[in-house]
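Spelled out from the first residue to the last, the chains are:
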Amino acid sequence: MLSIDVFTSDYKPIAAPLPGWDARQRATWPASTATLVHGRREAVLVDALITEREARDLTEWIRAKDKVLTTVYVTHGHADHFLGLPVVLDAFPDAVAVALPEVVPYAEEQLAGPYLAYWESLFPGLLPARPVAPRPLDGEVIGVDGHEVRPVRVGQSDTDPSSVVHVPDLDAVVGGDVAYNGIHMWLAQTDRAARARWLEALDTVEALRPATVVAGHRHPAAPDDDAAGVLAASRRYLTDFDEAVEAGADAAAVLRTMTAKHGDRGNPYTLFASATAQYPEPATPGTGTTG
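It should be emphasised that the depicted structure is a prediction, and the values quoted were computed from it without experimental measurement.

Caption draft 1: Main features of the overall build of the chain. In terms of regular secondary structure, the chain is built from eight helices and 15 strands. Along the longest, intermediate and shortest principal axes, the C-alpha atoms of the chain span 60 × 40 × 35 Å. Counting over 291 residues, the chain shows a buried share of 51%. Counting contacts in the chain only where the partners sit at least 6 residues apart, residues at least 24 apart contribute 74% of the total. When the accessible area of the chain is evaluated, it comes to approximately 12900 Å², of which 51% is carbon and sulfur surface. Taking the average location of the 24 positive side-chain charges in the chain and that of its 40 negative ones, the two points are 3 Å from each other.

Given below as structure tokens:
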């Protein structure tokens, strides 16, 4: 018999918000989850958070479960889901960190040069030392006490490639960033075509017929992980955002529309970043750069 337990890390202040953000309001990174799928003896962790402090809290939480952690599975290449890996692997040295083979190069890229500098600018002095990337998953399933945990390719979420983890025994999906629960969705790296593919990814998750979807970004006070509700709300958000961009003249118009429709969602900074990205400033003459 398998079980799922979810560790939720709360909203985190960031040090370097985008230009134009209202400094009177604290900019934060969205609340994030790390999910433990475990049997009587073994356990698999899905995603590993970002800061050293929350990763240490996560390891203590795992230890309290008194299980053998065999694997840390990384759903996609965004570093806020795996920069905590060295802390977790130091605590559980027999565990291995893996991701789909096509995800690994994107994870490795996040640990190089400008990308890592970006994360350090948001969380100065708070990231673990010696960042590590996951290695390619060998095979199609991960075993937990003889039960199958299945990574599923979905393509686009807030980045591409992305995956989810299907736990057939529990009619559950651990969703990475494919579905969000009670938090504004990160659309800063998407255009309309990417958002159309994201809707198809939600269809892929729905086809697994889960009763539960654990979102990688979930409001700490979210009432439940009901799959139908989480998937429907994520679809509606993507559709509403498309309509807002199509109708709006600028980022401020998108912010007004989406706040009116989804103002109860957490982390308004995510919405600000997503709306701003849809209206990039023109290139500065002679520089070849934007903004």
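Caption draft 2: Summary view of the nonpolar core. Counting 53 residues, the largest nonpolar core has Leu45, Leu58, Leu69 and Trp119 as the members making the most contacts within it. In terms of residue count, the dominant contributor to this core is strand 5 (residues 42-46) (four residues). Residues Tyr180, Ile183, Trp186 and Ala251 belong to the second largest nonpolar core, which totals 31 residues.

Caption draft 3: Structural view of helix 4 (residues 113-122). Those residues of helix 4 that fall on the buried side of the exposure criterion are Leu116, Trp119 and Leu122. Taken around the axis of helix 4, the buried residues stretch over an arc of 120°, which confines them to a single face. What points out from helix 4, more than 90 degrees from its buried face, is the exposed set Gly113 and Pro114. Residues of helix 4 that are buried sit in contact with strand 2 (12-13), strand 3 (28-29) and helix 3 (104-110).

Caption draft 4: Up close: the pattern of salt bridges. Evaluated as defined, the whole model comprises 17 salt bridges. The partner of Arg56 in a salt bridge is Glu52, with the nearest N and O atoms 2.6 Å apart. Placement of the pair is Arg56 and Glu52 together in helix 1 (residues 52-65), with a separation of four residues, close to one helical turn. For Lys261, the salt bridge is made with Asp240, and the minimal N-O distance between the two is 3.9 Å. Taken as a pair, Lys261 in helix 7 (residues 251-262) and Asp240 in helix 6 (residues 227-247) lie far apart in primary sequence, 21 residues in all. On the basis of relative accessibility, which here comes to 45%, the residue Lys261 falls in the partly exposed class. In this structure, a network of salt bridges that share partners links the residues Arg192, Arg195, Asp242 and Glu246.

Rules used in this analysis
Once a new chain begins, its residue numbering starts again from 1 and follows that chain's sequence as written. Whole-chain, interface and lining totals are the exception, using all residues; otherwise, since this is a predicted model, local features are given only for residues with pLDDT of at least 70 and side-chain atom pairs are given and counted only at 80 or more. Water and hydrogen atoms were dropped before computing side-chain values, which therefore reflect all heavy atoms in the structure. Helix and strand assignments come from DSSP, with helices taken as H or I runs of at least 4 residues and strands as E runs of at least 2, each series counted from the N terminus. Categorising residues by exposure relies on relative accessible area from a 1.4 Å probe, with only protein chains included: less than 20% of the type maximum marks a residue as buried, more than 50% marks it as exposed, and the intermediate range marks it as partly exposed. Any two residues whose heavy atoms approach within 4.5 Å at even a single point are treated as in contact. Only the protein chains shown count as cover for residues, and the accessible areas themselves come from Shrake-Rupley with a 1.4 Å probe. Working convention for charge: Lys and Arg count positive, Asp and Glu count negative, and His plus the chain ends are omitted. A charge is said to be at NZ when it belongs to Lys, at CZ for Arg, at CG for Asp and at CD for Glu. For our purposes a nonpolar core is just a set of buried Ala, Val, Leu, Ile, Met, Phe, Trp, Tyr and Cys residues, chained together by side-chain atoms within 4.5 Å. Arc, as used here, means the arc of the directions from the helix axis to the C-beta atoms. A pair is scored as a salt bridge if a Lys or Arg side-chain nitrogen falls within 4 Å of a carboxyl oxygen belonging to Asp or Glu.

By themselves, these observations are geometric and do not establish any function.
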